[in-house]
Amino acid sequence: MTEDKNKEQELKENVQDTPETEIENAQAEGETAETAEAETEEKDPLAEAQEQVAALNDKYLRLAAEFDNFRKRTIKEKADLILTGGEKVLSALLPVLDDLERARDNMQKSTDVESLREGVEMIIGKLDKTLAAQGLKRMEPIGTLFDTDFHEAIAMVPVPEDEQKGHVIDCVQTGYLLGEKVVRHAKVVVGQ
């Protein structure tokens, strides 16, 4: 009980020690803070909305500029690929071209037709290997079922056997595949 009395007395002394002006000032500051808060609350929604609009507009403009730069860079990279994409294939074909030039020079000097024929066959073989190394495959359509995805029919001929109907009988022009994509359709004669 004595403790309670001591606490009450300390509180009274603290209240008496504090001048009334300080209490009034504290109350006035509290009131001004409240009125300032009320004013900022009234101004805040509009100011906040304007700040948000400005921030979103800035973000939008930055994203639009970044996308435009990305688009331009992608177009430039594609153009570079188109221009230099064939460089690998062309570099691989240069030795074959050199062989063809040597064969032409030898045709003018040589009278041995058989050796010239062998030389041309070797060059064709080298060209086939070079193109195969680049992913080009020759179609072998003879005897297969006619397929418009791979073949182009230039003629239809009657066949004696029913097994040959709808099948490729002859190939007039060889077709080629690059991977799984048709580069050139094979021109074929189909059995009817």
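It should be noted that the structure appears before, not after, this text.
A. Local environment of the overall build of the protein. Helix and strand content of the protein: 4 helices and 6 strands. Starting at the N terminus and walking to the C terminus, you meet the elements of the protein as α-α-α-α-β-β-β-β-β-β. By the burial criterion, 10% of the 192 residues in the protein qualify as buried. Expressed as a percentage of contacts within the protein between residues at least 6 apart in sequence, the contacts between residues at least 24 apart total 62%. In the form shown here, the protein has an accessible surface area of approximately 15800 Å², with 56% of it arising from carbon and sulfur atoms.

B. Examining the pattern of salt bridges more closely. Using the criterion set out here, one finds 11 salt bridges in the structure. For Lys 72, the salt bridge is made with Asp 68, and the minimal N-O distance between the two is 3.4 Å. Here the residue Lys 72 and the residue Asp 68 both occupy positions in helix 2 (residues 20–84), the gap between them amounting to 4 residues, near one helical turn. Among the residues examined, Lys 72 registers a relative accessible area of 48% and is labelled partly exposed. What makes Asp 68 partly exposed here is its relative accessible area of 25%. The shortest N-O distance in the salt bridge between Glu 180 and Lys 137 comes to 3.8 Å. With a gap of 43 residues between them, Glu 180 in the loop between strand 4 (176–178) and strand 5 (181–184) and Lys 137 in strand 1 (residues 136–138) connect regions that are remote in the sequence. The exposure class assigned to Lys 137 is partly exposed, which follows from its relative accessible area of 41%. Among the charged side chains, a network of salt bridges with common partners joins Asp 68, Arg 71 and Lys 72.

C. Layout of the packing of aromatic side chains. Following the criterion strictly, the structure yields 1 aromatic pair and no others. Judged by centre distance (6.5 Å) and plane angle (35 degrees), the rings of Phe 67 and Phe 70 are tilted. Highlighted residues: Phe 67 and Phe 70, both in helix 2, separated by 3 residues, approximately one helical turn. With relative accessibility at 53%, the residue Phe 67 sits in the exposed group.

D. Spatial organisation of the side chain of Asp 99. Along the chain, Asp 99 turns up in helix 3 (residues 87–109). With relative accessibility at 14%, the residue Asp 99 sits in the buried group. At 2.3 Å, the side chain of Asp 99 and the side chain of Arg 102 are in polar contact. In this structure the side chain of Asp 99 is engaged in a polar contact, spanning 2.9 Å, whose partner is the side chain of Lys 126. Non-local contacts of Asp 99, meaning those with residues more than four positions away in its chain, are made with Ile 123 and Lys 126.

E. View of the sheet that holds strand 5. Within the open sheet, the 3 strands sit side by side as 1-4-5. Their pairing is antiparallel. The open sheet has two free edges, formed respectively by strand 1 and strand 5, since each of these has just one partner strand. On average, each strand axis in the sheet is tilted by 35 degrees relative to the strand beside it, whichever way the strands run. Summarising the sheet, strand 4 and strand 5 pair through 3 bridges and their orientation is antiparallel. Across the sheet, the residue bridging to Leu 178 is Lys 181, located in strand 5.

Conventions used here
Residues numbered from 1 in each chain as written. Predicted model: local features only at pLDDT ≥ 70, side-chain atom pairs only at ≥ 80, totals over all residues. Heavy atoms only, no water. Helix = DSSP H or I, 4+ residues; strand = E, 2+ residues; numbered from the N terminus. Buried < 20%, exposed > 50% of the residue type's maximum accessible area, 1.4 Å probe, protein only. Contact = heavy atoms within 4.5 Å. Areas by Shrake-Rupley, 256 points an atom, 1.4 Å probe, with all protein chains shown as cover. Salt bridge = Lys/Arg side-chain N within 4 Å of Asp/Glu carboxyl O. Phe/Tyr/Trp six-rings, centres within 6.5 Å; stacked < 30°, edge-to-face > 60°. Polar contact = N/O pair within 3.5 Å; in protein donor to acceptor, adjacent residues only side chain to side chain. Pairing = 2+ DSSP bridges. Axes fitted to C-alpha atoms, helices over the stretch in contact; angles between N-to-C directions.

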